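Below, each chain spelled out in residue letters.
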Amino acid sequence: MKPLNLRARIILLLALLLPLLLLSLHNFAQLLPMPAHSIRQLIVLQGWLPRLVISLLCGAALGLAGLLFQQTLRNPLAEPMTLGVAAGAQLALSLVTIFLPHWLAAGTQTVTLIGAIAAAGLVLVLSASRGLEPSRVAIAGLVVSLFCGSVITVLQLLYAPYLHSLFIWGAGSLVQAGWGSVRQLAGQLLVGWLLALLLRRPLQLLGLGELHASSLGLRTQYARLAGFALAVLLTAAVVSAVGVIGFVGLAAPALARLLGARRLLHQLLLAPLCGAVLLWGTDQAVQPFANALGELVPTGAATALFGAPLILWLLLRLRVASMPLAPVSAGAGESIHTDHRVSPLSLGLFVLLALCLLLSVFFGRSPSGWAFTPLPHLAALLPWRVPREVAACAAGMMLAAAGVLLQRLTGNRLASPEMMGVSAGAALGMLALTLMVGSTSHALRLGVTTGGALVTLLIILSFSRRHHFSPDRVLLAGVTISALFQALVATVIAAGDERAITLLNWLSGSTYSIMPHDAEVAAGMALILSVLTLFFRRWLSILPLGAACAASVGVTLAQARLLTLTFIAMLTASATLIVGPVSFVGLTAPHIARLLGARRPGQQLLLALPSGALMMVVADWAGRTLLAPRELPAGLVATLLGAPYMMWLLTRRGERS
């Protein structure tokens, strides 16, 4: 289908704006009449109107920040909430609420602003050694974001009663008590937009790639730093004003491109408008439910509930304008080690994995301290420990393999298995089952999550079928479905449902319910699927080169993509059914393999498989023993342990390059 012309785009925008305007008038009419000097007049003038204006301002700021992130990093999956800014702000507020609550007397905006800037500063430190290379900034931002998010989840599990109000803030609440935040954010947005216009030409050159931009005389490092810093400040301003609002920064630039904005100037105009309309419409749609659910309905979470179907509909109707990506390849200085050391490293990692499996079974924490389990007691503990460690190992291997396949296929180093949306589909089934039935059998949970994963896979493939299963189309649909799931979870938690707190354990990747039969099935699936993964090595070298190169060697692009994507979904769904959604191993294991010297797909798989398994085994053992008798989910601990190691690898690689 051809892109819409200008007249069609204007008609489409008016068709979207008209019902939103009518909805706003309806919400305003519910507050009428307003007698002079009445409480209702005060509510309208100091509550409803500021909320309306700040929804427009926040949406526009997030749309502009998302566009700057994507243009600066040349990555359509980059957005404000995945680059550490929002997670740093939320972590700072959580820590202050628990340990230094008297600091909150001065207001929360200062605390959140400091946290956001500190997280962004850490991202810049981790990526500065390579001149703020786009892939390095994106990876560092995602690692920092995942680490901060994991610490927040740990605090939520340990201090849930004290942090319940932060669930609302973390999901984005636009409730206002005056015009102070509106005036402040309006000034910040105006300055930010004017600066973005001044940076238009350098940012446009950055979109051409490092080599072309440098040949035209652009100092790419400084241009990238300026664009990134401006996007960080815009995001920090929104977070400090209303909390964490996800999806808008990702959806608004995508909507602008889907609606036909090709030039950067047009995107700078249209992306803030799309963001403003998206958040404004969501907030107006949420308000009629306020009487039934109270003012605890988080607008930020509900954004994905309304925005995700819109993105999916546009994916069917319009042609996606893909952004050029920095290819996933090993350039100069890409490896620490040379190619001939990959096989010994892989063997060493598998030996280390076997030792860790043994230690996790025999060594632990007892009431008398750390010790090896006595042989007379070991027989009683083996049925509990061995299945968990085997399942963790199997899930880690499958997620690592899926991560390698997806990053190689898409050419996107931010791609990870959970972005396909399959694990989100399984989690949606688990969420619905928990809320409707409550306590259920293990077999029923397995069946429901399997059904959710399969249905989601069919939906995603149907959205990408007409475009030959384009990887960027699959990722955009998967991220949209994942955002929809996260919004549902945030809404349920914000509503105060205690079952949602219990659900956090499974959502963080736990092995609590693993039985011996589950471990046997998991080990069998991991072994079979890992071996089959090696047969995709040739395709992984050919498919990123495009249709012409694939056809020249006898590979049908659409069929090869379909089979590869289906196999990635099988790996992801199998791991999710075993331990639940895990959001770090599939992202990090391929990068660890690359940093250890893997250049070709086969080498990367040989290093990533034991790396992913090792991360999950160590994480499950640590979560089971460090805080005994309390436990933490393995997926959560994997992020807490793996993120600092990933940061160290990034800095070490930078020193050697």
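Above this text you will find the structure in question.
Residues numbered from 1 in each chain as written. Predicted model: local features only at pLDDT ≥ 70, side-chain atom pairs only at ≥ 80, totals over all residues. Heavy atoms only, no water.

Undergrad: Give a detailed account of the environment of Gln70, specifying residues and quantitative values.
TA: Position of Gln70 among the secondary structure elements: in helix H2 (residues 39-73). A relative accessible area of 0% places Gln70 in the buried class. Separated by 137 residues in sequence, Gln70 and Gly207 have C-alpha atoms that sit 9.4 Å apart. (Helix = DSSP H or I, 4+ residues; strand = E, 2+ residues; numbered from the N terminus. Buried < 20%, exposed > 50% of the residue type's maximum accessible area, 1.4 Å probe, protein only.)

Undergrad: For the packing of helix H4 (residues 109-127) against helix H10 (residues 220-242), give the residues involved together with the corresponding values.
TA: At a minimum axis distance of 9 Å, the contact between H4 and H10 shows a crossing angle of 155 degrees. The angle between H4 and H10 falls in the class roughly antiparallel. For H4 against H10, the interelement crossing comes out right-handed. Residues Gln109, Thr112, Leu113, Ala116, Ala120, Val123 and Leu124 of H4 pack against Leu225, Phe228, Val232, Ala236, Ser240 and Ala241 of H10. Taken together, the residues of the contact of H4 with H10 break down into 10 nonpolar, 3 polar and no charged. (Axes fitted to C-alpha atoms, helices over the stretch in contact; angles between N-to-C directions. Parallel < 35°, antiparallel > 145°, perpendicular 65-115°, else oblique. Left-handed = near helix turned anticlockwise from the far one by under 90°. Contact = heavy atoms within 4.5 Å. Nonpolar A, V, L, I, M, F, W, Y, C, P; charged D, E, K, R; others polar.)

Undergrad: Please give an account of the packing of aromatic side chains that cites residues and values.
TA: Each aromatic ring pair is specified by the distance between its two centres and by the angle formed by the two planes. In this structure the tally under the stated criterion is 9 aromatic pairs. When the centroid spacing of 5.5 Å and the interplanar angle of 70 degrees are considered together, the rings of Phe69 and Phe228 count as edge-to-face. Taken as a pair, Phe69 in helix H2 and Phe228 in helix H10 lie far apart in primary sequence, 159 residues in all. Of the aromatic side chains, those joined through ring pairs into one cluster are Phe363, Trp370, Phe372 and Trp621. (Phe/Tyr/Trp six-rings, centres within 6.5 Å; stacked < 30°, edge-to-face > 60°.)

Undergrad: So, the pattern of salt bridges: which residues are in play, and what are the values?
TA: Counted under the stated rule, the structure contains 4 salt bridges. A salt bridge links Arg51 to Asp283, with the nearest nitrogen and oxygen atoms 2.8 Å apart. Within this pair, whereas Arg51 is found in helix H2, its partner Asp283 is found in helix H12 (residues 264-286), the two being separated by 232 residues in sequence. Overall, Asp283 belongs to the buried group, its relative accessible area being 0%. A salt bridge links Glu389 to Arg624; the nearest nitrogen and oxygen atoms lie 3.2 Å apart. One end of the pair, Glu389, is in helix H16 (residues 375-410); the other, Arg624, is in helix H26 (residues 601-625), and 235 residues separate them in sequence. Classification of Glu389 by relative accessible area gives buried; the value is 1%. Classification of Arg624 by relative accessible area gives buried; the value is 12%. Among the charged side chains, a network of salt bridges with common partners joins Arg388, Asp620 and Glu631. (Salt bridge = Lys/Arg side-chain N within 4 Å of Asp/Glu carboxyl O.)

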